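Examination of the molecular architecture
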2 protein chains.
Amino acid sequence: MITMAEIARLTGVSQPTVSRVLNGNKTVNPEIREKVLACAREHDFQPNVLAQSLVGSRTKLIGVIVTDIGNAFFADLVKYIEQEAGKAGYSIILFNTGYDAEHEKECLDVVRRYRVDGLVLVPVDENAVQWRSMVRKLEIPVVVITRKASGVDSYYLAHDEAGALAGRHLAEQGYEEYLFLGNTRDMKYRGFVDALAKIRPDFGAHLTVITTKKTEEIRQALEEHFKKTDHCTGIFTYNDRRAIQALGILEEMGIRIPEQAGVIGFDNTYICEYLYPRLSSIAQPIEEMAALTVQRLIHRLDHPDDKSVIDHPLHAELISRESSLRKRGEK
Amino acid sequence: MITMAEIARLTGVSQPTVSRVLNGNKTVNPEIREKVLACAREHDFQPNVLAQSLVGSRTKLIGVIVTDIGNAFFADLVKYIEQEAGKAGYSIILFNTGYDAEHEKECLDVVRRYRVDGLVLVPVDENAVQWRSMVRKLEIPVVVITRKASGVDSYYLAHDEAGALAGRHLAEQGYEEYLFLGNTRDMKYRGFVDALAKIRPDFGAHLTVITTKKTEEIRQALEEHFKKTDHCTGIFTYNDRRAIQALGILEEMGIRIPEQAGVIGFDNTYICEYLYPRLSSIAQPIEEMAALTVQRLIHRLDHPDDKSVIDHPLHAELISRESSLRKRGEK
DNA sequence: TTGTACGCGTTATCAT
DNA sequence: ATGATAACGCGTACAA
């Protein structure tokens with residue numbers, strides 16, 4: 001690949017002059033400028049970013065460390081991050097931790113070796129001290145995304161609020177029993193429970209929780225539940241995957257949706273639209289989250305003096321579809 | 001961030017000695033070695049990869065240019081590529097073209113600026129001359145993945161074979177009408193048609209094709225189809241998305257699956273397992289494809305003299321589930 | 001075994 | 001307006 005020195009040799013000027021031309025410096029003879037540009041074009045010159053960043057300028061690299069790109073949500077997130085970074089002339093170097101804290105550590109080391117200008121991180125465990133100390137040593141702007149992380153800029157969904165949306169909706173639609181499918185440490189669960197408790201004081205007696213992911217165990221739990229009660233049940237799941245799993249089981253059991261059971265998923269995957277009945281779901285503003293994250297990162301790069309810390313919860317939106325619309329016309 | 005020169009200063013040795021210690025060179029005094037290592041650890045030294053690659057060694061970067069990370073298939077592909085590359089000490093710099101040839105061009109330029117050691121490419125148009133000439137100028141190993149590309153190493157699914165799998169399966173299951181949902185330029189379609197034509201000479205009269213992606217248009221086409229015939233119909237779609245869309249419509253129409261219509265999707269997304277009825281689908285060996293691709297890239301890096309070109313079609317597998325199993329026990 | 005000297009490709013600071 | 005020259009952080013050949 002051709003270098004500036006080589007172009008200089010070919011055009012009979014000095015290397016710094018080539019640098020000036022290629023960087024659009026005005027103080028250069030138009031004739032020389034043209035000659036150099038022509039030569040650069042002819043040999044399809046591309047500056048060596050590595051050499052550029054070595055002299056002190058930026059690497060124009062943003063490290064992106066996520067827990068699982070295989071997950072459609074994170075895939076979309078990465079997509080928008082790449083897009084937004086590209087707009088600002090940054091490229092991304094991507095790492096997948098696979099929810100492994102040890103591997104996250106390695107990724108943080110590698111990211112460091114590449115002297116990335118900034119880092120977007122989805123921590124394996126947002127409360128762990130490990131990544132925090134490593135991030136501090138990085139001495140570069142870091143933005144945590146999808147998780148609230150004290151002391152670090154973070155953009156994330158207000159999960160409690162999202163859970164409340166689901167709870168209120170199911171109550172409004174007249175469901176009298178409630179079922180949560182997921183992890184109870186999840187803030188979605190908190191929001192869901194709190195919202196319902198406000199609406200129905202006796203709510204505690206009407207809540208069932210299923211924490212397993214295994215189809216057979218979910219089936220057992222659901223069968224048990226519908227044996228106990230004939231009240232119509234509102235089901236909220238921690239992601240669409242789980243919701244679809246539940247829908248499949250319910251259909252197999254002959255439970256009518258949304259009459260006997262209403263289902264609300266989470267993530268608003270494209271699939272929701274295609275299912276029959278179409279699946280209600282909670283949508284995250286993925287694109288906005290990604291854009292804000294990258295913009296913040298770049299702001300920090302341009303204003304190293306800005307020591308403020310951003311803690312920015314984003315708002316979820318309930319997309320109600322047939323799977324939870326018991327009352328016609330009401331949304 | 002601390003440098004070798006700095007460590008040298010702190011420990012009172014020369015910078016090359018530090019380099020020798022950190023690179024595991026044996027020819028160095030154990031005492032000095034320990035002192036240097038201790039100092040490096042204390043300050044958490046990480047070598048500057050950019051400087052390393054500037055001296056002539058590798059950047060240890062692999063460029064990955066795909067058409068759409070938002071797509072679950074490519075997301076998985078990227079995941080495994082990152083994983084396999086990581087095993088060999090390579091990191092990936094990721095680009096998403098969004099099926100835009102112009103943007104692909106820009107990505108190829110950027111990849112070049114970073115002096116990546118190798119490139120994994122999913123071309124927007126595998127037949128375009130554009131990327132070929134650019135790739136040639138890159139002067140680095142390039143492997144095309146998911147598309148057959150003459151003159152360049154490529155690992156891809158034998159789509160015709162995959163289509164044939166679907167065709168034969170539907171015929172075996174006793175479906176008498178056939179419907180393809182997708183693009184007819186797709187090799188899946190070719191394979192599907194050819195396989196069925198072999199089995200049934202009069203097959204041409206029993207084939208319907210739906211090319212639109214729009215739900216309403218698909219619905220119309222399906223309604224028309226099932227008005228015309230009461231023979232049970234085998235449906236093959238170009239991806240799971242389309243299959244799920246079709247399933248939703250069919251259920252809404254009251255068509256019984258798999259009795260009146262059998263459906264086979266493509267990609268074997270996790271969702272297939274969760275649907276009711278569970279969706280038959282054609283699985284691509286994504287992990288294998290990714291691993292072979294990265295391994296080939298690294299082989300080329302280690303053997304620059306090897307001028308052979310690999311054209312490696314991979315084999316699809318039909319995962320048959322209830323959505324297409326009309327005859328019990330048969331798979 | 002260790003240090004000196006040089007070069008990788010670029011930017012930036014000097015003179016000229 | 002342009003050309004020397006130094007510097008970035010590292011690896012490597014060579015000398016000591």
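Let me sum up the structure you'll find in this document. The model shown is predicted, which means the values in this text are computed figures rather than measured ones.

Analysis parameters
- As a convention, each chain's residues are numbered from 1 in the sequence order in which they are written.
- Chain letters and ligand numbers both follow the written order, the letters beginning at A and the numbers at 1.
- Owing to the predicted nature of the model, reporting of local features is limited to residues with pLDDT of at least 70; listing and counting of side-chain atom pairs is limited to 80 or more, with chain, interface and lining totals taken over all residues.
- Side-chain descriptors were evaluated using all non-hydrogen atoms of the structure, hydrogens and water having been removed beforehand.
- Whether a set of points on the 1 Å grid over the protein atoms alone is a cavity depends on a 1.4 Å probe fitting there but being unable to get out, while an open set qualifies as a pocket with protein on both sides within 12 Å along at least five of seven lines; lining residues are those with an atom within 4 Å of a point.
- Grid points are joined across faces, edges and corners, and a volume is the space filled by probe spheres set on the points.
- Helix and strand definitions here come from DSSP, where helices need a minimum of 4 consecutive H or I residues and strands a minimum of 2 consecutive E residues; each element is numbered from the N-terminal end.
- Classification used: nonpolar for Ala, Val, Leu, Ile, Met, Phe, Trp, Tyr, Cys and Pro, charged for Asp, Glu, Lys and Arg, polar for all others including Gly.
- Fitted lines through C-alpha atoms give the axes, limited to the stretch in contact for helices. The angle between two N-to-C directions lies from 0 to 180 degrees.
- What sets the label is the angle itself: under 35 degrees gives roughly parallel, over 145 gives roughly antiparallel, 65 to 115 gives roughly perpendicular, and the rest give oblique.
- Throughout, a residue-residue contact means that at least one pair of heavy atoms, one from each residue, lies within 4.5 Å.
- Buried area: the accessible area, evaluated with a 1.4 Å probe, that two parts lose upon being put together, summed over both parts.
- Just to be clear on terms, a salt bridge is a Lys or Arg side-chain nitrogen sitting within 4 Å of an Asp or Glu carboxyl oxygen.
- Side-chain atoms alone can form a polar contact between residues adjacent in sequence; in general such a contact is a pair of N or O atoms within 3.5 Å, and within protein one must be able to donate a hydrogen while the other accepts it.

We now examine empty space enclosed by the protein. Counted according to the given criterion, the structure contains 3 cavities of 30 Å³ or more. Put simply, the largest cavity is a space of about 130 Å³. Taken together, 14 residues line the largest cavity, and the ones lying closest to its centre are A:E251, A:L275, A:Y276, B:E251 and B:L275. Contributions of two or more residues to the lining of the largest cavity are made by helix 11 (240–253) of chain A together with helix 11 (240–253) of chain B. Per-class residue counts for the lining of the largest cavity are 10 nonpolar, 2 polar and 2 charged. A volume near 50 Å³ is recorded for the second largest cavity.

Here we take up the packing of helix 6 (residues 101–113) of chain A against helix 7 (residues 129–138) of chain A. Residues and elements named next belong to chain A. Running from amino to carboxyl end, helix 6 crosses helix 7 at an angle of 0°, the nearest separation of the two axes being 11 Å. With respect to their mutual orientation, helix 6 and helix 7 come out roughly parallel. Between helix 6 and helix 7, the residues in contact are A101, E102, E104, K105, L108, D109, V111 and R112 and Q130, W131, M134, V135, K137 and L138, respectively. Its residues assigned to classes, the contact of helix 6 with helix 7 comprises 7 nonpolar, 1 polar and 6 charged.

The next point concerns the layout of surface pockets. All names here are of chain B. Size it by volume and the second largest pocket reaches roughly 880 Å³. In terms of lining residues, the second largest pocket is bounded by 34 residues, among which D117, L138, E139, I140 and P141 are the most central. Breaking the lining of the second largest pocket down by element, the ones donating at least two residues are helix 4 (49–54), helix 6 (101–113), helix 7 (129–138) and helix 13 (286–302). For the lining of the second largest pocket, the element with the highest residue contribution is helix 7, accounting for 4 residues. Of the residues in the lining of the second largest pocket, the class split is 14 nonpolar, 9 polar and 11 charged.

Each partner contributes residues to the interface: chain A has 51 residues there, and chain B has 51 residues. Taken over both partners, the interface formed by chain A and chain B buries close to 5000 Å², and the fraction arising from carbon and sulfur atoms is 59%. The salt bridge involving A:R112 is made with B:D44; its shortest N-O contact spans 3.3 Å. Across the chain A-chain B interface, the total number found is 21 residue pairs in polar contact (both at pLDDT 80 or more). Elements represented by at least two residues in the side of chain A that touches chain B include exactly helix 4 (49–54), helix 5 (72–87), strand 2 (91–96), helix 6, helix 7, helix 11 and helix 12 (271–274) of chain A.

To continue, consider the environment of B:Y99. All names here are of chain B. Along the chain, Y99 falls in the loop between strand 2 (91–96) and helix 6. Once the C-alpha coordinates of Y99 and E34 are considered, the two residues, 65 residues apart in sequence, prove to be 53 Å apart. Beyond its immediate stretch of four places on either side in the chain, Y99 contacts T67, D68, F74, V124 and R147.

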